[in-house]
Amino acid sequence: MAERITGHTELIGLIATPIRHSLSPTMHNEAFAYLGLDYVYLAFDVGNKELKDVIEGFRALSLRGFNVSMPNKSTVCQYLDQLSPAAKLVGAVNTVVNDNGVLTGHITDGTGYMRALAEEKINIIGEKMTLCGAGGAATAICVQAALDGVREISIFNQRDAFWDNANATLGKIRDNTNCVVNLYDIADTQKLRAEMNDSMIFTNATGMGMKPFEGQTLLPDDSFLRPDLIVSDVVYKPQKTRLLEIAEKKGCRTINGLGMMLWQGAKAFEIWTGKEMPVDYIKNILF
């Protein structure tokens, strides 16, 4: 890495908390090196409290761009100059590009999720999904799934700060797609069971399962799962969350968050550099 850094090296960052578990620095720096691009990608532990100052600092330092992860994906929108159409629809950003001081926010989580399923030969178009979460990643997944043609989505979340945002997302999905979408309180376990029983796929789109919630799951017990249910998790470290462990024992097909992370990153890479990420090469490193 040190041998590649020059006086012309451009910086790309990642802001989130917690952050040290992230595979994004490895993924992007390996891709830069493979293609001979003069960029370096660094991770910064940043939460909502520091976010405004960090964004202005990035602008002042002329960073080429940066990724945004929990808990900053929705909050960051107010500090940017413009949003892509998809980011406006979702109300969250995970990728920012700096074009001569103009910061534009994009969201690549949803396309990354759908591409990851496609790579595993999982086709949920025309089917029903149940999803836990209402943050940036969850919203992006729901919006993209609906745009791509998923028939019905049942969203479960706590009545927390994301609840109102989730209700707003429902309106956007209904206005822009033919998808049937509903929001339920995750405390209603009877409804959760009923919706999961009627779904092709169940997705955890929250941070449950990663630090500091490693070893935990939102499901009360394994009776919510059935062998023909596909179970996916946006968490990729650990690669096998408690949810996926339980699902495997029940005979479910499972998919972790590595594929989504890879494909959302590939799109971000293209936004910053104008180049395609060497995905097959990166897969060998990460997987």
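Up top is the structure these notes are about.
The notes below deal with the structure included here. (Residues numbered from 1 in each chain as written. Predicted model: local features only at pLDDT ≥ 70, side-chain atom pairs only at ≥ 80, totals over all residues. Heavy atoms only, no water.)

### Examining helix H6 (residues 163–176)
Okay, step 1: Counted at 1.5 Å a residue, the expected span for H6 with its 14 residues is 20 Å, and the 20 Å between its end C-alpha atoms agrees.
Okay, step 2: Next to the buried residues of H6 lie helix H3 (85–90), helix H5 (136–148), strand S8 (152–157) and strand S9 (180–185). (Helix = DSSP H or I, 4+ residues; strand = E, 2+ residues; numbered from the N terminus. Expected span 1.5 Å × (residues − 1). Contact = heavy atoms within 4.5 Å.)

### Let's talk about the pattern of salt bridges
Okay, step 1: Across all of its chains, the model carries 16 salt bridges by this definition.
Okay, step 2: Among the ionic pairs, Lys128 bridges to Glu152, the shortest N-O distance being 3.6 Å. A residue pair is termed long-range when its members are at least 10 positions apart, and Lys128 in strand S7 (residues 128–132) and Glu152 in strand S8 qualify at 24 residues. With respect to class, Lys128 is no different from Glu152; both count as buried. (Salt bridge = Lys/Arg side-chain N within 4 Å of Asp/Glu carboxyl O. Buried < 20%, exposed > 50% of the residue type's maximum accessible area, 1.4 Å probe, protein only.)

### Re the sheet that holds strand S6 (residues 102–106)
Okay, step 1: Strand order in the open sheet formed by six strands is S2-S1-S3-S5-S6-S4, with mixed pairing between adjacent strands. A strand with exactly one partner marks an edge of an open sheet, and here the two such strands are strand S2 (39–45) and strand S4 (82–83).
Okay, step 2: Sheet topology note: the S4/S6 ladder contains two bridges and is parallel. Residue Leu83 lies in a different strand from S6, and its bridge partner there is Gly105.
Okay, step 3: Strand contacts of helix H1 (residues 24–35): strand S1 (10–16), S2 and strand S3 (65–68), with the helix running at about 170° to S2, the strand carrying the most contacts.
Okay, step 4: Against the sheet, helix H2 (residues 48–60) touches S1, S2, S3, strand S5 (95–99) and S6, its axis set at about 170° to S1. (Pairing = 2+ DSSP bridges. Axes fitted to C-alpha atoms, helices over the stretch in contact; angles between N-to-C directions.)

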